[in-house]
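# An overview of the molecular structure
Residue-level listing of the chains:
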Amino acid sequence: MSQSDLIVLDQVNKRFGDHHVLRDVNLTVRQGEVVVIIGPSGAGKSTLCRAINRLETIDSGTITLDGTPLPSEGRELARLRAEVGMVFQSFNLFAHKTVLDNVVLGQVHVLKRPREQAVRKARELLDRVGIGAQADKLPAQLSGGQQQRVAIARALAMDPKAILFDEPTSALDPEMVNEVLDVMTTLAREGMTMVVVTHEMGFARRAADRVVFMAEGEIVEQGAPSAFFGAPSSDRAQSFLAKILTH
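Residues numbered from 1 in each chain as written. Predicted model: local features only at pLDDT ≥ 70, side-chain atom pairs only at ≥ 80, totals over all residues. Heavy atoms only, no water.

The name recorded for the protein chain in an unreviewed UniProt entry is ABC-type polar-amino-acid transporter, from Nonomuraea fuscirosea. Under Catalytic activity (unreviewed entry), UniProt gives the following word-for-word description of the protein chain: "a polar amino acid(out) + ATP + H2O = a polar amino acid(in) + ADP + phosphate + H(+)". (UniProt positions renumbered as here; feature names shortened; annotations may be inferred.)

### Examining the pattern of salt bridges
One pass over the full model with this rule turns up eleven salt bridges. Linking Arg 115 and Asp 101 is a salt bridge whose minimum nitrogen-to-oxygen distance equals 2.9 Å. Taken together, the positions of Arg 115 in helix H4 (residues 115–128) and Asp 101 in helix H3 (residues 99–109) put the pair 14 residues apart, joining distant regions of the chain. Among the ionic pairs, Glu 218 bridges to Arg 236, the shortest N-O distance being 3.9 Å. With Glu 218 in strand S10 (residues 218–223) and Arg 236 in helix H9 (residues 235–246), this residue pair connects regions lying 18 residues apart in the sequence. Relative accessible area serves as the criterion here: at 33%, Glu 218 is assigned to the partly exposed category. Using a relative accessible area of 33% as the deciding quantity, one classes Arg 236 as partly exposed. The network of salt bridges with common partners includes Asp 66, Glu 83 and Lys 161. (Salt bridge = Lys/Arg side-chain N within 4 Å of Asp/Glu carboxyl O. Helix = DSSP H or I, 4+ residues; strand = E, 2+ residues; numbered from the N terminus. Buried < 20%, exposed > 50% of the residue type's maximum accessible area, 1.4 Å probe, protein only.)

Next up, the structure:
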């Protein structure tokens, strides 16, 4: 493991009953790398993403973050979750708290930041994702695209080492997808370590350092976007791309 390997999955297996969702998955994400995971539905992409910060437990194998194996529970796990941000398909914001408070809470409760400092940081991040003017509203008063940008600001507020995105645009109306992808593309350019599960091939081409193609619980192939989209080496990737790129 080299100095810059931030997330390392080694022979990771996960079953749901008889369904073998992750099969001996090996994946290394380096610091500052943007890894986009694509593949057909049911390939295990979201499970892989959720396993990285232990929202899903694994049956065997190891996952290390910055050289430390994932803790299983308790305070260490809360600390780990602060180090690995997560942005979900459904925004998971606190409905009864303002946008500002959604971004402040974790900073105060988990990082023990003084409230004033947390508020300052929250406002700065809301400006950065283009919704500073919405700080005092409740999530329900915002569009889906705006809510997802709040979720990104909330993840960033914890100063994470990496952020996981689990299909962050799939619940959005088409006209809102780009406003979220634009924020993600900016983060990628600024060197944030990101693991992104998505169906947005344009984003994968534009922002990924590496595309990982999964099918049936396995990583079938991976490579630079230009190589993967230009000339995928496996039959499964070829047929997957043929299907999605012709529609």
